[in-house]
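For reference, the chains in residue letters:
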Amino acid sequence: MSSDAYTKLQFYKNICLIRRKVYLISEPYTKTHPRVIGQMRDAARSAKQNIREGYKKDSVGIYANQLKISKGSLDELLGDIEDLFEDKLIIEKDFNELNSLIRKTDYMIDRYIDSLYRLDKEGKWKTRFKR
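Residues numbered from 1 in each chain as written. Predicted model: local features only at pLDDT ≥ 70, side-chain atom pairs only at ≥ 80, totals over all residues. Heavy atoms only, no water.

1. Overview of the packing of helix 1 (residues 10-26) against helix 3 (residues 60-86)
Then comes step 1: The interhelical angle for the contact between helix 1 and helix 3, taken along N-to-C directions, is 35 degrees, at an axis separation of 13 Å. Of the two elements, helix 1 crosses helix 3, and the hand of that crossing is left-handed. Between helix 1 and helix 3, the contacting residues are F11, I15, I18 and V22 on the first element and L67, S70, L74, L77 and I81 on the second.
Then comes step 2: Its residues assigned to classes, the contact of helix 1 with helix 3 shows 8 nonpolar, 1 polar and no charged. (Axes fitted to C-alpha atoms, helices over the stretch in contact; angles between N-to-C directions. Helix = DSSP H or I, 4+ residues; strand = E, 2+ residues; numbered from the N terminus. Left-handed = near helix turned anticlockwise from the far one by under 90°. Contact = heavy atoms within 4.5 Å. Nonpolar A, V, L, I, M, F, W, Y, C, P; charged D, E, K, R; others polar.)

2. Some remarks on helix 3
Then comes step 1: Taking 1.5 Å per residue, 27 residues should reach 39 Å; helix 3 reaches 39 Å between its end C-alpha atoms and fits that length.
Then comes step 2: One or two residues past the end of helix 3 sits K88, with phi positive at roughly 60 degrees. (Expected span 1.5 Å × (residues − 1).)

3. Some words on the nonpolar core
Then comes step 1: Ranked by internal contacts, the top residues of the largest apolar core, which has 35 residues, are I18, V22, I51, Y63, L67, L77 and I81.
Then comes step 2: Going through the elements one at a time, helix 1, helix 2 (34-56), helix 3 and helix 4 (92-121) are the ones with two or more residues in this core. (Core = buried A, V, L, I, M, F, W, Y, C linked by side-chain atoms within 4.5 Å. Buried < 20%, exposed > 50% of the residue type's maximum accessible area, 1.4 Å probe, protein only.)

4. A short note on helix 2
Then comes step 1: Here helix 2 is 23 residues long and its end C-alpha atoms lie 32 Å apart, about the 33 Å a rise of 1.5 Å per residue gives.
Then comes step 2: Looking at helix 2, one finds that the buried residues are I37, M40, A43, A44, A47, K48, N50, I51, G54 and Y55.
Then comes step 3: Buried residues belonging to helix 2 abut helix 1 and helix 3.
Then comes step 4: Just past helix 2, the residue D58 takes up positive phi, approximately 65 degrees.

Okay, here's the thing in structure tokens:
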């Protein structure tokens, strides 16, 4: 497991949990609904990996953009989860849990992006590399 600073952020921890839950919830449908399950798993993975990738770019603008891409992946995933629930492929408890977790995580990412821009504007963003 990485020791980078982003791994300590609650929204990143949430996304790791979301990715795992999506994998477990979707497992029974990998053979009967392979396309949607593949897309869901890809969206969950993308949400996580875009945060990692953006952080390594060492630029507020790029990092914020990658976080926005992650938010887009979460929204795509939420749409798929809503469809599965509507089609009665996942139970209400699982739907409610994922729905709530995704929405909370999306909100946290919004607040974090705001704080990144604020740090940058105030000149407090610290790069890891010498320029």
